[in-house]
Amino acid sequence: MSQEDELLRALEATLFAAEAPMSVEQLSRHLGEADVRAALRALQDHYAPRGVNLVERGRRWHFETAPDLAHLLRREKEEVRRLSRAATEVLAIVAYHEPVSRAEIEAIRGVQTAKGTLDVLLEAGWVRVAGRREVPGRPVIYATTAEFLAHFGLQTLKELPGIDELRAAGLLDPVDDAMIEDALGPENPPVAEEGDRPATEPGPNDDRLST
Amino acid sequence: MSQEDELLRALEATLFAAEAPMSVEQLSRHLGEADVRAALRALQDHYAPRGVNLVERGRRWHFETAPDLAHLLRREKEEVRRLSRAATEVLAIVAYHEPVSRAEIEAIRGVQTAKGTLDVLLEAGWVRVAGRREVPGRPVIYATTAEFLAHFGLQTLKELPGIDELRAAGLLDPVDDAMIEDALGPENPPVAEEGDRPATEPGPNDDRLST
Amino acid sequence: MAHEPVPAGPSAQEGARPSDPGIALGEAEAVWEAVSPAEQRKQALYLEIDGWEGPLDLLLDLARRQKVDLRRISILELVDAYLDYIDQAGEMRLELAADYLVMAAWLAYLKSALLLPKEEQPDPSPEELALRLQLRLQRLGAMREAAARLMARDRLGRDVFTRGAPEGLRVERLHRWQCSWFDLVRAYGEVKLRSQPVVHMVRERMVMTLDSAIARVSSMVGVAIDWMELREFVPPSQEAWSHPQLRKSALASSFVAALELAKAGKVEIVQDTAFGPLQVRALRA
């Protein structure tokens, strides 16, 4: 058997046996510093039409069953824990806007986000603390994890459904009053003092109402 | 894709995701009473030259790593580690007093010796079990190995410095007046006898303070 | 707001299928929990008020797109409907009620602002507020829809599965232990030291006691006629007295003795300069 075939077999065995997705670096280290990139692609092609696929999620590789066979495999007993509506919203906001602070999440949702909601996502391993934003108050900012990508079958965040359209429509821009004033345009000249007013979002006021 | 191919894919995914090997009957039931025997053979043939094989064990089928790649599942990594203080003391006691039982080691050290400490020395290959002492309880006795001598560059254990030599080297010196007088320093003209005293290592005394 | 139906993958769950593709909230709801569409409708705030019949969020959506004239909506009835909703919402999600409160409050505020004559309109203007609300709802709607689409994807552990029984990759760490000859020998020294019976002995020190110093100084001062330097009280350096430690002790004791005698009014002490020689002589009455 050729050397490439041997590398392919070794990769296949390693990825089959691995208990967690593996990065190119981990695989390479495990296989004696071999260059595994080409072999990974070859293996991926080989498995593409099969019942088991080799997929890349957040720069980590793993085998998983083909999505079209889900009906055969769904296990009634251990269902994926259902997220609350609030948690799914927060998760989507973190994914589409990352990194975001809690205040930014709340500005988009218009309601206060319970501490527990973020905790659930942190515990699920889908969201992580990604440092602090270097602004006054240094708020903690959140981002998604490799497990998030793996769970939702995304290679990168670029594959988030509809993200390009949302970005093009300006719906992922930072919340900004200037934008509103722009939109209001010349018919409605901004009042003098308004420019000096620190940008107040309607959000925070709503929050007070909603708690 | 043909129907046989579909059955093959379904089988592949089912066996891949299964948490335990599955019998032909279980597979058949899972896949809508399909006749899986032929498909199993076909799948087995497909995987035979690959890094993962489909095997039948006790009338149950499962995937496993190809036997010739089993070494990939267990990789060894060598780490250099310094012997702990406790382990060094135990090793020294074994070397000076061999053969000794654990109770004797503890009596000499004056402190209890964790089981792990001797295990480390056994793992390092420096200490071996040298039988049992023929006294009530028949305690296991320990002695050093040839590797021990090799590691420490000794021909025999007799080359280890004796108590008198240790004392002469200052390794058995308690913190004494002479030391304090030395430390008191330069206004004090050196006394004749002081010159004869071998240089005391400040090291061991420092250590003693720190224990 | 784009109301394209959630692309239900071949494996999307029954719960994940949008119950009402016209309402973004409804879509998000669908993946919220395993509740039937009928139950969801019961949970949503359904308004039957003058000028509007339908869910509140749809009203907002339409108001935003100017498909419905807010001026025709009765705020009083809106508030009543909301309060009724809250009343019977007893065991329902407070979170949901809060969201509706936000929306209802906005609607009410928006409408009251719009009803005011132009010159009395508050700042920011109702148009601006409406635009803000519109943007906010758009953004939130987009995120709700995105969340729904995310939840409907082929999810690991629900639709796709990793290997059920992976062998696992183990890295076995082998330790190569290190210890030097010196460490070994020193360790033994330390053990020995620790286990030696500890005997504390106070060594006899070579000192001149204060009593003997007082006796010596007072007798010497008594016979001297003139000032004596302190050092002169120290015994001559010969034989036993040659030991520097003893000499130091004698000097110190002599000094203290001189001070004691001065205190008793028997001697006087003079020092011309700081650190200069100390001179002692008997105090003559």
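Per chain, residues are indexed from 1 in the order of the written sequence. Here chains are named by letter from A upward and ligands by number from 1 upward, in the order in which they appear as written. Since the coordinates come from a predicted model, pLDDT governs what is reported: local features require at least 70, and pairs of side-chain atoms require 80 or more to be given and counted, while whole-chain, interface and lining totals use all residues. Based on all heavy atoms of the structure, the side-chain values leave hydrogens and waters out of the count.

This part is about the overall build of chain A. Comment: elements are numbered from the N terminus, with helices defined as DSSP H or I runs of at least four residues and strands as E runs of at least two. Tallying secondary structure elements over chain A gives twelve helices and six strands in all. The burial tally for chain A puts 51% of its 211 residues in the buried class. A separation threshold of at least 6 residues defines the contact pool for chain A, and within that pool the share at least 24 residues apart is 47%. Think of it in three bands: with a 1.4 Å probe and only protein chains considered, a residue is buried below 20% of the maximum accessible area for its type, exposed above 50%, and partly exposed in between. Residues are treated as being in contact if the distance between any of their heavy atoms lies within 4.5 Å.

This brings us to the nonpolar core. Counting residues in each nonpolar core, the largest one holds 56 residues, and the members touching the most others are A:Leu15 and B:Leu15. Setting aside residues no more than four positions away along its own chain, B:Leu15 makes contact with B:Met22, B:Leu27, B:Leu40, B:Leu43, B:Leu54, B:Trp61, B:His62 and B:Phe63. Of all hydrophobic cores here, the second largest spans 32 residues; its members include A:Ala95, A:Leu118, A:Leu154 and C:Met151. By nonpolar core we mean a set of buried residues, namely Ala, Val, Leu, Ile, Met, Phe, Trp, Tyr and Cys, connected to one another through side-chain atoms within 4.5 Å.

What follows deals with unusual backbone geometry. In most cases, non-glycine residues show a negative phi, while peptide bonds are predominantly trans. The residue after A:Glu98, namely A:Pro99, is reached through a cis peptide bond having omega -5°. Relative to the helices and strands, A:Pro99 resides in the loop between α5 (85-97) and β4 (100-101). In this structure, A:Arg59 takes a positive phi of about 65° despite not being glycine. Tracing the sequence through the fold places A:Arg59 in the loop between β2 (52-57) and β3 (60-65). We classify A:Arg59 as exposed; its relative accessible area is 57%. Although it is not a glycine, B:Glu33 sits at a positive phi angle of roughly 60°. Mapped onto the elements, B:Glu33 comes out in the loop between α2 (24-30) and α3 (37-47).

Our focus in this paragraph is the confidence of the model for chain C. Residue and element names in this part refer to chain C. Looking at chain C, pLDDT values average 70 and 53% of them are 70 or higher. Low pLDDT, under 50, characterises residues 1-42; the predicted model gives this stretch 81 contacts beyond four residues in sequence or across chains. For this predicted complex, the interface score ipTM comes out at 0.63, alongside a pTM of 0.54. pLDDT: the predictor's confidence for each residue, scored from 0 to 100.

Moving on, we get to the interface of chain B and chain C. The interface is formed by 55 residues belonging to chain B together with 39 residues belonging to chain C. Any Lys or Arg side-chain nitrogen located within 4 Å of an Asp or Glu carboxyl oxygen qualifies as a salt bridge. If you look at where chain B meets chain C, you find two salt bridges. Taking the shortest distance from any N to any O, the salt bridge between C:Glu190 and B:Arg85 comes out at 2.8 Å. As used in this structure description, the phrase polar contact means that two N or O atoms lie within 3.5 Å; if the pair is within protein, one of them must be able to donate a hydrogen and the other to accept it, and residues adjacent in sequence are counted only when both atoms belong to side chains. Along the contact surface separating chain B from chain C lie nine residue pairs in polar contact (both at pLDDT 80 or more). In terms of residue count, the dominant contributor to the side of chain B that touches chain C is strand β4 (residues 74-82) of chain B (nine residues). Each residue receives one of three labels: charged for Asp, Glu, Lys and Arg, nonpolar for Ala, Val, Leu, Ile, Met, Phe, Trp, Tyr, Cys and Pro, and polar for the others, Gly being one of them. For the side of chain B that touches chain C, the residue count by class is 30 nonpolar, five polar and 20 charged.

In this section: the pattern of salt bridges. Considering all chains together, one arrives at 28 salt bridges over all chains under this definition. The salt bridge involving A:Glu56 is made with A:Arg41; its shortest N-O contact spans 3.7 Å. Here A:Glu56 is found in strand β2, whereas its partner A:Arg41 is found in helix α3 (residues 37-47), with 15 residues between them in sequence. The shortest N-O distance in the salt bridge between A:Arg57 and A:Glu64 comes to 3.4 Å. A:Glu64 sits in the buried class, given a relative accessible area of 4%. If you follow the salt bridges from partner to partner, you end up with A:Glu6, A:Arg9 and B:Asp68 in one network.

A few words now on the sheet that holds β2(A). Residue and element names in this part refer to chain A. One open sheet holds the three strands; their spatial order is β1-β3-β2, and the pairing between them is antiparallel. Strands with a single pairing partner mark the edges of an open sheet, and in this sheet they are β1 (22-23) and β2. As defined by bridge partners, β1 adjoins β3 across two bridges and the pair is classed as antiparallel. Each residue of the ladder has a partner; that of Ser23, found in β3, is Arg60. What counts as an axis is a line fitted to C-alpha atoms, over the stretch in contact for a helix, and the angles between N-to-C directions run from 0 to 180 degrees. Contacting β1, β2 and β3, helix α1 (residues 3-17) runs over the sheet at an angle of about 75° to β3. Lying over the sheet, α3 contacts β2 and β3, oriented at roughly 140° with respect to β2. In this scheme, strands are said to pair when DSSP sees at least two bridges between them.

On to the sheet that holds β4(A). Residue and element names in this part refer to chain A. Strand order in the open sheet formed by three strands is β4-β6-β5, and the pairing between neighbours is antiparallel. The strands lining the two open edges of the sheet, one partner per strand, are β4 and β5 (127-132). Packing against the sheet, α5 makes contact with β4, β5 and β6 (140-144), and its axis sits at approximately 90° to β6. The sheet strands contacting helix α7 (residues 115-123) are β5 and β6, and the helix crosses β5 at an angle near 110°.

Right, let's get into a nonpolar patch on the surface. Residue and element names in this part refer to chain C. Surface patches are defined over residues having more than 30% relative accessible area and no salt bridge, joining like charges when they lie within 9 Å and nonpolar side chains (Val, Leu, Ile, Met, Phe, Trp, Tyr) when within 5 Å. Working definition of accessibility: Shrake-Rupley area with a 1.4 Å probe, residue cover restricted to the visible protein chains. There is a patch of nonpolar side chains on the surface, built from Leu210, Phe255, Val256, Leu259 and Ile269 and spanning about 350 Å² of accessible area. Ranked by residues supplied to the nonpolar patch, first place goes to helix α9 (residues 244-263) with three residues. Looking at where Ile269 falls in the secondary structure, it is placed in strand β5 (residues 267-271). With relative accessibility at 31%, the residue Ile269 sits in the partly exposed group.

The next thing to look at is the pairing of β2(A). Residue and element names in this part refer to chain A. Counting buried positions along β2 gives six out of six residues, so the element sits mostly inside the fold. Along β2, one buried face is formed by Val52, Leu54 and Glu56 and the opposite face, lined by Asn53, Val55 and Arg57, is buried too. Relative to β3, β2 runs antiparallel, the two sharing six bridges. Residue pairing across strands places Glu56 opposite Trp61, the latter belonging to β3. The turn joining β2 and β3, which pair antiparallel and follow one another in sequence, is formed by two residues; a positive phi near 55° is taken by Gly58.

Residues and elements named next belong to chain A. Closest axis-to-axis distance for the α1/α3 pair is 10 Å, and the angle between their directions is 70°. When the axis of α1 is compared with that of α3, the two are roughly perpendicular. Residue-level inspection shows Leu7, Leu8, Leu11, Glu12, Leu15 and Phe16 of α1 in contact with α3, the latter providing Ala39, Leu40, Ala42, Leu43 and Tyr47. Here the residues of the contact of α1 with α3 are counted per class, giving ten nonpolar, no polar and one charged. Roughly parallel means an angle under 35 degrees; roughly antiparallel means over 145; roughly perpendicular covers 65 to 115; every other angle is labelled oblique.

Summarising the element assignment, A:Ala17 is placed in helix α1. In sequence terms A:Ala17 and A:Phe63 are 46 residues apart; their C-alpha atoms lie 9.8 Å from each other. In contact with A:Ala17, other than residues within four places in its own chain, are B:Thr65, B:Leu73, C:Arg163, C:Pro166, C:Glu167, C:Gly168 and C:Leu169.

Note that A:Ser28 resides in helix α2 (residues 24-30). Ignoring anything within four residues of it in the chain, the contact list for A:Ser28 reads A:Glu33, A:Ala34 and A:Val36.

Let us look at the side chain of B:Thr65. Looking at the secondary structure, you find B:Thr65 in strand β3 (residues 60-65). B:Thr65 gets classed as buried once you look at its relative accessible area, which sits at 8%. Discounting chain neighbours no more than four positions away, the residues touching B:Thr65 are A:Ala13, A:Ala17, B:Gly51, B:Val52, B:Leu73 and C:Glu167.

Taking 1.5 Å per residue, 13 residues should reach 18 Å; helix α4 (residues 85-97) of chain B reaches 18 Å between its end C-alpha atoms and fits that length. Residues of α4(B) that are buried include every one of B:Ala87, B:Thr88, B:Glu89, B:Val90, B:Leu91, B:Ala92, B:Ile93, B:Val94 and B:Ala95, and no others. Helices are assigned an expected span. That span is 1.5 Å times one less than the residue count.

What follows deals with the environment of B:Ile93. Mapped onto the fold, B:Ile93 is located in helix α4. Along the chain, B:Ile93 and B:Glu104 lie eleven residues apart, while their C-alpha atoms are 9.2 Å from each other. Once residues within four sequence positions are removed from consideration, B:Ile93 is found in contact with B:Glu98, B:Ile105, B:Ile108, B:Arg109, C:Tyr188 and C:Val191.

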